[in-house]
Amino acid sequence: MPKVKVARKSTFVDMTAMCDVATLLLTFFILTTQFKGEEAIVVKTPSSIAEFKVPERNIITISIDKTGKVYFSLDGKFKRKLMIEKVNEAYNLGLTAEEIDKFSNLPGFAVPLEQLPNYVKLSSQEMQKPEANPGIPIDSTLDEKKNQLLIWLGYARVATAERNMQDPKVGRPITADIAIKADQYVPYKLVKNIINTLQNKKINKYILITDLDKSDKPVED
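The rules behind each value
- Residues numbered from 1 in each chain as written.
- Predicted model: local features only at pLDDT ≥ 70, side-chain atom pairs only at ≥ 80, totals over all residues.
- Heavy atoms only, no water.
- Pairing = 2+ DSSP bridges.
- Helix = DSSP H or I, 4+ residues; strand = E, 2+ residues; numbered from the N terminus.
- Buried < 20%, exposed > 50% of the residue type's maximum accessible area, 1.4 Å probe, protein only.
- Arc of directions from axis to C-beta.
- Contact = heavy atoms within 4.5 Å.
- 1 Å grid on protein atoms, 1.4 Å probe; cavity = no way out; pocket = protein on both sides within 12 Å on 5 of 7 lines; lining within 4 Å.
- Points joined across faces, edges and corners; volume = space filled by probe spheres on them.
- Nonpolar A, V, L, I, M, F, W, Y, C, P; charged D, E, K, R; others polar.

A. Quick look at the sheet that holds strand S5 (residues 207-208). Within the open sheet, the four strands sit side by side as S3-S2-S4-S5. Their pairing is mixed. Both outer strands of the open sheet, strand S3 (70-74) and S5, are each paired with one neighbouring strand and no more.

B. Up close: helix H3 (residues 97-104). By the burial criterion, the buried members of H3 are Glu99, Ile100, Phe103 and Ser104. Buried residues of H3, viewed axially, fall in a sector of 140°; they line one side. Counted as exposed and oriented over 90 degrees from the buried face of H3: Ala97 and Glu98. If you follow the buried residues of H3, they end up packed against helix H2 (77-90), helix H4 (116-119) and helix H6 (149-166).

C. Fine view of empty space enclosed by the protein. Overall, the coordinates contain one cavity of 30 Å³ or more when judged by the stated rule. If you add up the space inside the largest cavity, you get close to 30 Å³. Residue lining of the largest cavity: Phe72, Ser73, Leu74, Arg80, Phe103, Leu106, Pro107, Gly108 and Phe109, and that is the complete set. Looking at which element gives the most residues to the lining of the largest cavity, the answer is S3, with three residues. Looking at the lining of the largest cavity residue by residue, the classes come out as six nonpolar, two polar and one charged.

D. Structural context of unusual backbone geometry. A positive phi is found at asparagine 58, a non-glycine position, where the angle reads about 55°. Tracing the backbone through its elements, the reader meets asparagine 58 in the loop between strand S1 (47-48) and strand S2 (59-64). In this structure, lysine 202 takes a positive phi of about 65° despite not being glycine. Within the fold, lysine 202 resides in the loop between helix H7 (188-200) and S5.

E. Representation of the pairing of S2 within the structure. With respect to burial, S2 is a largely interior element, six of its six residues being buried. Side-chain alternation along S2 places Ile59, Thr61 and Ser63 on one buried face and Ile60, Ile62 and Ile64 on a second face that is also buried. Relative to S3, S2 runs antiparallel, the two sharing five bridges. Across the sheet, residue isoleucine 60 finds its bridge partner in S3, namely leucine 74. Between S2 and S3, which pair antiparallel in sequence order, lie five residues; one of them, glycine 68, sits at a positive phi of approximately 95°.

Note that every value here comes from positions in space, so none of it alone points to a role or purpose.
What follows is the structure, encoded as structure tokens:
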């Protein structure tokens, strides 16, 4: 008697559950990923063997390009808005609410205080041009007219502490860390002036941003 042949059927795999999991994972990563903010200026930093991750929040970055211009940046639009509002009131700059809002969207700036009212009247594209940013005056003295970095450091730290107090997720006056990002061809004297400024503000903890020198890492067997 001939054997009964069982009809072959194609295998069916229900992918619904897997698609649901993939969608949930994708949604999770989109909602939780923090994108790197735009930088005020591209700086080619010197290399070192030190490995240290710069904080993504509550950070003041003092950048120096290869021509010696000093740029200042503070993370977070609301912190920058608080900072410029305080500076505007203290120095009677006469900035409007619209100009303050425009300034708060900038990733960084390099403008003397006296030029700030004309600077914020430029378009957003013009404000980013190198010629519109002559650099923040920096000197080894404690005179705010010659060393305006003192002004921005003070108000940026106050604004950061106040913003963290207002944030229900934080609720305490955490101030900002400070990072120095200097081009590798910048004279050390200029970097030293910035360090002296920090020390004069009783700030002895700061981060020097460098590139990791991979050539100095030990070779694995």
